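Descriptive structure summary
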Amino acid sequence: MIAGISIFFDFPAIRDAPLYQVDGIQGAENADHYNRSLGGFLDLDQEFLVRMDLNGSDPARVVRDLRLHAMEDIPHQFWRLGPWYWPKSRQPDMEAYASQHFSPERGPDGLNYFAVHDRRADRVFLWVKDNF
């Protein structure tokens, strides 16, 4: 029972290999990845959460390689997504970025990203939507 609860809440966080959707990102070569699947329909329309502990990697290169642009607003859904280590509110040292047509709903086909860079913790929290 304890193991089941632990898996459900993703506690403790276990370092993973990078998802193929973010593998090889320039600027994140030294990052530790913590992945969480939000599910999807078969292998279509999948969503993932990725926490990247940058470990001195370059967040500007990560943003550039994913072709993200700066955002002022963070969708309210972002704060409700994650496991215990996911941020629950905006802090002063956070910057938001998104793919050109990112939508909190399904959104367009292809890979879509929403990212929050926490400069204080040297982490990027990435919401990945892989739509067919």
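A brief structural summary. (Residues numbered from 1 in each chain as written. Predicted model: local features only at pLDDT ≥ 70, side-chain atom pairs only at ≥ 80, totals over all residues. Heavy atoms only, no water.)

**Considerations on the overall build of the protein chain**
The test is simple: Helical segments are the DSSP runs of H or I of at least four residues, strand segments are the runs of E of at least two, and each set is numbered from the N terminus. Per-residue accessibility, obtained with a 1.4 Å probe over protein chains only, is compared with the maximum for each type, and a residue is labelled buried under 20%, exposed over 50%, and partly exposed between these values. The contact criterion used throughout is that any non-hydrogen atoms of two residues lie within 4.5 Å. All accessible areas in this document rest on Shrake-Rupley with a 1.4 Å probe, and a residue is counted as covered only by the protein chains that are shown.
Along the protein chain, the regular secondary structure elements total 3 helices and 6 strands. Its helices and strands taken in sequence order, the protein chain reads α-β-β-α-β-α-β-β-β from the N to the C terminus. Taken across its 132 residues, the protein chain has 42% of its residues classed as buried. Here the contacts in the protein chain between residues at least 6 apart in sequence split such that 56% fall between residues at least 24 apart. Surface summary for the protein chain: the accessible area is close to 7700 Å², and the carbon and sulfur share equals 54%.

**With respect to the pattern of salt bridges**
What counts here: For salt bridges, the criterion is a side-chain nitrogen of Lys or Arg within 4 Å of an Asp or Glu carboxyl oxygen.
Enumeration according to the criterion identifies 7 salt bridges in this entry. The closest approach of N and O atoms between Arg 51 and Asp 53, which form a salt bridge, is 2.9 Å. Take Arg 51 and Asp 53: they sit in the same class, and that class is buried. Between Asp 93 and Arg 119 there is a salt bridge, with its nearest N and O atoms 3.9 Å apart. Separated by 26 residues along the polypeptide, Asp 93 in the loop between α3 (76–79) and β4 (94–98) and Arg 119 in the loop between β5 (110–118) and β6 (123–131) bring together distant segments of the chain. One continuous salt-bridge network, built from bridges that share partners, spans Asp 45, Arg 106 and Asp 109.

**Description of the pairing of β5**
Successive side chains on a regular strand alternate, one facing one side of the sheet and the next facing the other. We count it as follows: Only strands joined by at least two bridges in the DSSP assignment are considered to pair.
Of all 9 residues in β5, 7 are buried; the element is thus mostly enclosed. In this sheet, β5 lies alongside β4 in antiparallel orientation, the contact comprising 5 bridges. Residue pairing across strands places Tyr 97 opposite Ala 115, the latter belonging to β5. With 9 bridges joining them, β5 and β6 adopt antiparallel strand pairing. Of the residues in β6, the one forming a bridge with His 117 is Val 124.

**Some details on the nonpolar core**
Quick note on the threshold: The set of buried Ala, Val, Leu, Ile, Met, Phe, Trp, Tyr and Cys residues whose side-chain atoms join them within 4.5 Å is what this entry labels a nonpolar core.
One finds Val 22, Met 52, Leu 66, Leu 68, Tyr 113, Leu 126 and Val 128 to be the most contacted residues of the largest nonpolar core, which totals 19 residues. For Leu 126, the contacting residues outside a window of four places in its chain are Val 22, Phe 48, Leu 49, Val 50, Met 52, Leu 66, Trp 86, Tyr 113, Phe 114 and Ala 115. Of all hydrophobic cores here, the second largest spans 13 residues; its members include Leu 49, Trp 79, Phe 114 and Val 116.

**Details of the side chain of His 33**
Relative to the assigned elements, His 33 resides in strand β1 (residues 32–41). Exposure remark for His 33: the relative accessible area of 4% places this residue in the buried category. With near-sequence residues (within four places) excluded, His 33 lies in contact with Ile 14, Arg 15, Asp 16, Ala 17, Pro 18, Val 22, Ala 28, Val 50, Arg 51 and Met 52.

**Some thoughts on empty space enclosed by the protein**
Under the convention used in this document: Points on a 1 Å grid, built from protein atoms alone, make a cavity when a 1.4 Å probe fits but cannot get out and make a pocket when they are open with protein on both sides within 12 Å along at least 5 of 7 lines; residues with an atom within 4 Å of a point are the lining residues. Grid points are joined across faces, edges and corners, and a volume is the space filled by probe spheres set on the points. Residues were grouped as follows: Ala, Val, Leu, Ile, Met, Phe, Trp, Tyr, Cys and Pro as nonpolar; Asp, Glu, Lys and Arg as charged; and all remaining residues, including Gly, as polar.
Scanning the entire structure with this criterion turns up 1 cavity of 30 Å³ or more. In this model, the largest cavity occupies a volume close to 30 Å³. What lines the largest cavity is Val 62, Val 63, Leu 66, Leu 68, Tyr 97, Ala 115, Val 116, His 117, Val 124 and Leu 126. Going through the elements one at a time, α2 (59–65), β5 and β6 are the ones with two or more residues in the lining of the largest cavity. For the lining of the largest cavity, the element with the most residues is β5, which contributes 3 residues. Of the residues in the lining of the largest cavity, the class split is 9 nonpolar, 1 polar and no charged.

That's the geometry; what it means functionally is another story.
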